[in-house]
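# Observations on the three-dimensional arrangement
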Amino acid sequence: MEVLERKIPPVALFIIFIVVMVRFDGALESFAAVLPFPWTVLACSVLVSGFIGLAGVNEFRKAKTTVNPVKVDSASSVVDTGIFAYSRNPMYLALLILLFGIGYWQQNMVCLLLPIGFVFYMNRFQILPEERALEKLFGEQYLAYKQRVRRWL
């Protein structure tokens, strides 16, 4: 399955998951739930994911390295400051939080569980290949960073 590795940009995958959630929400009404405060949870997820995602982009820009997740080979440094001191993948974490908020807002248990599929896909086809590329590029520096900081949170 290497053909899928780092081929679908994470934002495109995020959009695909949203489309699937919308379709499932309409087609699988029997999985509807009544969860408290759907608009509040959605608003909080938008705010938290926006903060985390923008913090990640900001750290990459400060380090003058690529933000493009498909072209990891062009990275110029290991970014381990700011939000990257807490998560190796804050921008992916931001997308996950937003997917969860949307699933919760839809009040559908299937949609609420779909972000788990996002995590599995991202781990296998995006993050692991990225980590291999970064290990080749930065060697011990990146390995030490992996030991210090968790993948998601």
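Numbers given for residues are sequential positions, taken from 1 along each chain in its written order. Given that this is a predicted model, residues contribute local features only at a pLDDT of at least 70 and side-chain atom pairs are listed and counted only at 80 or more, while totals for whole chains, interfaces and linings are drawn from all residues. Side-chain figures throughout are based on the complete set of non-hydrogen atoms in the structure, without hydrogens or water.

What follows covers the pattern of salt bridges. Any two side chains of opposite charge can pair if their charged atoms end up close together. For this analysis, a salt bridge means a side-chain nitrogen from Lys or Arg found within 4 Å of a carboxyl oxygen belonging to Asp or Glu. By the definition in use, this model includes 9 salt bridges. As a salt-bridge pair, Glu5 and Arg132 come within 2.7 Å of each other at their nearest N and O atoms. On the criterion of sequence distance, the pair formed by Glu5 in the segment before α1 (10–27) and Arg132 in helix α4 (residues 109–138) is long-range, its members being 127 residues apart. In this scheme, a residue with accessible area under 20% of its type's maximum is buried, one over 50% is exposed, and one in between is partly exposed, where area comes from a 1.4 Å probe on protein chains only. Overall, the relative accessible area of 12% leaves Glu5 in the buried class. Among the salt bridges present, the one from Glu59 reaches Lys62, with a minimum N-O distance of 3.0 Å. One end of the pair is Glu59 and the other is Lys62, both in helix α2 (residues 38–62) and 3 residues apart, which spans about a single turn. Numbering goes from the N terminus for both helices and strands, where a helix is a DSSP run of H or I of at least four residues and a strand is a run of E of at least two.

Quick look at the side chain of Asn108 now. With respect to the helices and strands, Asn108 occurs in the loop between α3 (90–106) and α4. Residues count as neighbours in contact if any of their non-hydrogen atoms are within 4.5 Å of one another. Here Asn108 is in contact with Phe24, Asp25, Leu28, Phe31, Ala32 and Gly103, once residues within four sequence places are set aside.

Once that is clear, we can look at the UniProt feature "transmembrane region" (unreviewed entry) in the protein. UniProt positions are given in the numbering used here, feature names are shortened, and annotations may be inferred rather than shown by experiment. UniProt tags residues 7–24, 36–57 and 92–121 as "transmembrane region" (unreviewed entry). With 91% helix and 0% strand, residues 36–57 has its two end C-alpha atoms placed 32 Å apart. Between the end C-alpha atoms of residues 92–121 there is a gap of 11 Å, over a span that is 93% helix and 0% strand.

This paragraph deals with the nonpolar core. For this analysis, a nonpolar core means a set of buried residues of the types Ala, Val, Leu, Ile, Met, Phe, Trp, Tyr and Cys, connected via side-chain atoms within 4.5 Å. Formed by 37 residues in total, the largest nonpolar core has its most connected members in Phe84, Phe118, Met122 and Trp152. The set of elements that each furnish at least two residues to this core consists of α1, α2, α3, α4 and α5 (140–148). Broken down by element, this core gets its largest block of residues, 10 residues, from α4. Discounting residues that sit within four places of it in the chain, Trp152 has contacts with Ser87, Tyr92, Leu93, Leu96, Phe118, Val119, Met122, Asn123 and Ile127.

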